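# Observations on the three-dimensional arrangement
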Amino acid sequence: MRKTLLIVILSFLGLHVYGQKAPVLDGKSKLEGYTQHEKMRAASPYDTLHWQFIGPANISGRCTDVEAVGPKGQNYTIWVASASGGIWKSINEGVTFKPVFDNYGTSSIGDIAIAPSNTDVVWAGTGEANIFRSSNAGCGVWKTTDGGESWTHMGLENTYTISRIIIHPRDPDIVYVASAGHEWTKNRERGLYKTTDGGETWDHIKYIDDETGIIDLVMHPEDPETLYATSWQRTRLKWNDPRTYENHENNHVWKTTDGGKNWERINNGLPETRFRGRMGIDISRSDPDVMYLLIDNYDLAYKAKKGELDNYGRQKKDVIKGAAIFKTENGGESWFRTSGLTEETKKFMENHSATYGWVFGQIRVDPNDPNTIYSLGIWLNQSFDGGGEFSAIRSIHADHHGMWIDPDNSNYILSAHDGGISVSYDQGKNWRSLIKELPLAQFYNVEYDNASPFRVYGSIQDHHSFYSEVDMSRGRDRVRPTEWEYTLGAEGSSHIVDKRDNNTILASLFYGKLAKATVDGYPDDMRYVLPGRYPEEKDFRGQWMAPTIFSPQNPDIVYHGVQYVMRSSDLGETWRVISPDLTFNDPDKIGDISYQTITSIDVSPFRSELIYAGTDDGRIWRTKNGGETWNDIREKPMPERWVSRIVASTYDMGTLYVTQTGRRDDDAQVYIWRSEDYGDNWQDISSNIPVGPINVIREDPVNKKILYAGTDVGVYVSLNRGESWQVLGDLPCTYVHDLKIHPRDNMIIIATHGRGMFVLDADRVNKTGGNDQRGIWED
């Protein structure tokens, strides 16, 4: 007991346990780190440096919820919750939006709710509950009482994901908050919470176990003591999508008639528990005895044929029945299936959510017609007969996660999806999408070329890969956003552009594939370049974004990472494997999702045979002879965490930097390391950065003392090689997934996952740091 208590205390303090740096696993510590980040941002000598948004002006990003104040014609306020870009508000029905949640330490929003009795009172639950590949944990709930001018944290910081918030129709102090729980680890702080004093105290009114949370919740429109909830038992593994297993027993529909004091299961007529996955629920306002469920049904539909591929080019798994609509007409006493009753509609529902029904799970009932419903899947689907037949609305972006229908006018609809927000004034016949108004693009990476002006490249979640010029003709501090064009790649890619012609481009595609084209000739000249595999060889196992780099000595030489390091000496035309499997290669950790893969590679600019590689299962390797032999150089206090970046120094041959991210362990610790002897020994240089994860580190190309770090809350700069750090510039709280400095133009470029791409004049970093009188060079 004493040993366990000591570990918890050391962990809270961020100290090393048994020789390793302790993880940060509790919400209180995360929240304190976020708070400290905001204090550092406000006090930074760089707070006046302006990050310039460069686009894309023609692409938005994933939104998780949308709410509005009705009725239309009297109110024009719309609230938008984004997956990783904070909260946005419009007071003119979407003509313009402004961000209202920029500096509260997290920008991942799971749900928002407007108090019906006082529309200035809005609650926000942080942490996206869809647990998509790029979802991020939050740290509790916030409340505003002045329409978003200010926010107060109201607790529940250990929930990490918030799936639904419901506010009492007459008393804004009575609030219900549903949490599906941590994405990657088990925890007690999941289920359903209730406050009767505006969030000062909370009662945990529905708890099942540490693997089961509440994923959806509705309130009876005439009796606020009656609520219905759906529970979801799930834990995500690094190598498997969330799924329902044979031993899962806790996926249920629940009902309370006394405000949550007592609950009963109402599952009569539903599939067996072991087949029930995520379930969305909604209630008819015009006939409250009528409710609908959207169930991710895991009962087997048919076995996949050998060679049949899924959406990502992998062998397709056996196909489950997938999305299914169930209806009750007696307040949940019994349910019956309305969808998939014919061969045509059965096929429609199997394709409703593709292979990832656990991402969706939302359903809406028209507030004025109990037979008109909308199911939210890859497409927004509309039915006028209670789910018997659906038509897919394909005129707006795909992947739908939230929806609002005006209770006073069913023609007025707002839909939240991976492309932002869309609005219809004729019940879904026609739509207007709010793209420029909501700059929420979720970038994964950034690359640049040496054209004049230089161009930047990146991949965007659920869109594709794009590029655009960075026009500095108006001045280095007057760069404007542009509309971006398609280029080689996918929605998650690494890009490299040959700086000799600024035209030849290679890009990793889904799960380790690699393609080659020209910027001018794409897509006509695109072709895949990796060699095939013999039957006796293992397939290449690549990460969602497999690393691809040029040799710093010779741009004809390209390195690519799967479970092996691969090398091409002719710009990708032919390849050879130059390493063994560098992962742990644990057969028990091979599943639906590529895992045990290489995530970062770098080559020393001093010696071409000095190569480093890091993996998603925490291994770090070095070869000094071009791949003939490899040494594992990860040592304590470095944990087994996903290696987000390896950088070989351009100033000293023996120096390298490594960052690790604990995101897939629900760990917010700061992992930044430096070695000055080729990885034989390591120094922790996280210093005063208060919270992670850390996604990228870079050296300044001009000043060897300057380092930059991209984190889940912004950008940090150090002028003393990591002895101390400062928040860099006026960037809102955002996930900085990649950072590079253009060596010719000395502009810092960042790819954010939720706010698009930005640039900042690196010349001003040196100038500001040099003029600072507050001891920036001191810890």
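Below is a short write-up of the structure. Model, not experiment: these values are computed from the prediction.

Glancing now at the overall build of the chain. Each helix and strand counted, the chain has four helices and 58 strands in total. In terms of overall dimensions, the chain is globule-like: its C-alpha atoms have a radius of gyration of 26 Å, near the 28 Å expected for 779 residues. Along the three orthogonal principal directions, the C-alpha set of the chain runs to about 75 × 65 × 60 Å. Taking all 779 residues of the chain together, the buried fraction comes to 64%. Considering only contacts within the chain whose residues lie at least 6 apart along the sequence, 54% involve residues at least 24 apart. Surface accessibility of the chain: about 28600 Å² in total, with carbon and sulfur atoms responsible for 46%. Both charge centroids of the chain, one from 84 positive and one from 109 negative side chains, sit 3 Å from each other.

A separate point is the sheet that holds strand β6 (residues 87-90). Sheet architecture is open: four strands sit in the order β4-β5-β6-β7, paired in antiparallel fashion. In this open sheet, the two edge strands, each paired with only one partner strand, are β4 (63-68) and β7 (98-99). The pairing of strand β5 (residues 78-82) with β6 spans four bridges and is antiparallel. By the bridge assignment for β6, Trp79 is matched with Lys89.

What follows is about helix α2 (residues 27-43). Look at α2: 24 Å from first C-alpha to last across 17 residues, which is about the 24 Å you get at 1.5 Å a residue. By the burial criterion, the buried members of α2 are Gly27, Ser29, Lys30, Leu31, Gly33, Tyr34, His37, Glu38 and Met40.

Another point: the packing of aromatic side chains. In the structure shown here, the tally under the stated rule is 20 aromatic pairs. Here Phe132 and Tyr356 contribute two aromatic rings whose centre-to-centre distance is 6.1 Å and whose plane-to-plane angle is 40 degrees, an arrangement assigned as tilted. One end of the pair, Phe132, is in the loop between β9 (122-126) and β10 (141-144); the other, Tyr356, is in the loop between α3 (343-350) and β24 (362-365), and 224 residues separate them in sequence. Taking relative accessible area as the criterion, Tyr356 reaches 9% and is therefore assigned buried. With 5.4 Å between their ring centres and 50 degrees between their planes, Phe443 and Trp484 make a pair best called tilted. Here Phe443 is found in the loop between β31 (432-434) and β32 (447-448), whereas its partner Trp484 is found in the loop between β34 (465-469) and β35 (485-486), with 41 residues between them in sequence. Of the two residues, Phe443 and Trp484, neither departs from the other in class, the shared state being buried.

So, on to the environment of Tyr374. Topologically, Tyr374 is positioned in strand β25 (residues 373-376). Given a relative accessible area of 1%, Tyr374 falls into the buried group. C-alpha of Tyr374 to C-alpha of Gly386: the two residues are 12 residues apart in sequence and 9.2 Å apart in space. In terms of polar contacts, Tyr374 uses its side chain to reach the side chain of Gln382, at 3.0 Å.

Among the nonpolar cores identified, the biggest contains 32 residues, and Tyr356, Trp358, Leu488, Ile505 and Trp544 are the most heavily contacted of them. Mapped onto this core, the elements with two or more residues apiece are β37 (504-508) and β38 (514-518). Setting aside anything within four residues of it in sequence, one finds Trp358 in contact with Asn130, Ile131, Phe132, Trp232, Arg236, Asp241, Pro242, Arg278, Asp296 and Tyr298. Grouped together as the second largest cluster of nonpolar side chains are 21 residues, Ile87, Trp142, Ala668 and Cys733 included.

What follows covers the side chain of His400. Looking at the element boundaries, His400 is found in strand β28 (residues 400-406). Since its relative accessible area comes to 0%, His400 is described here as buried. A distance of 3.0 Å separates the side chain of His400 from the side chain of Ser415, its partner in a polar contact. Sequence-distant contacts of His400, defined by excluding residues within four places in its chain, comprise Phe360, Leu376, Gly377, Ile378, Trp379, Leu380, Ser415, Ala416 and His417.

Basis of the calculations
- Residues numbered from 1 in each chain as written.
- Predicted model: local features only at pLDDT ≥ 70, side-chain atom pairs only at ≥ 80, totals over all residues.
- Heavy atoms only, no water.
- Helix = DSSP H or I, 4+ residues; strand = E, 2+ residues; numbered from the N terminus.
- Rg over C-alpha atoms; globule rule 2.2 N^0.38 Å.
- Buried < 20%, exposed > 50% of the residue type's maximum accessible area, 1.4 Å probe, protein only.
- Contact = heavy atoms within 4.5 Å.
- Areas by Shrake-Rupley, 256 points an atom, 1.4 Å probe, with all protein chains shown as cover.
- Lys, Arg positive; Asp, Glu negative; His and termini not counted.
- Charge placed at Lys NZ, Arg CZ, Asp CG, Glu CD.
- Pairing = 2+ DSSP bridges.
- Expected span 1.5 Å × (residues − 1).
- Phe/Tyr/Trp six-rings, centres within 6.5 Å; stacked < 30°, edge-to-face > 60°.
- Polar contact = N/O pair within 3.5 Å; in protein donor to acceptor, adjacent residues only side chain to side chain.
- Core = buried A, V, L, I, M, F, W, Y, C linked by side-chain atoms within 4.5 Å.

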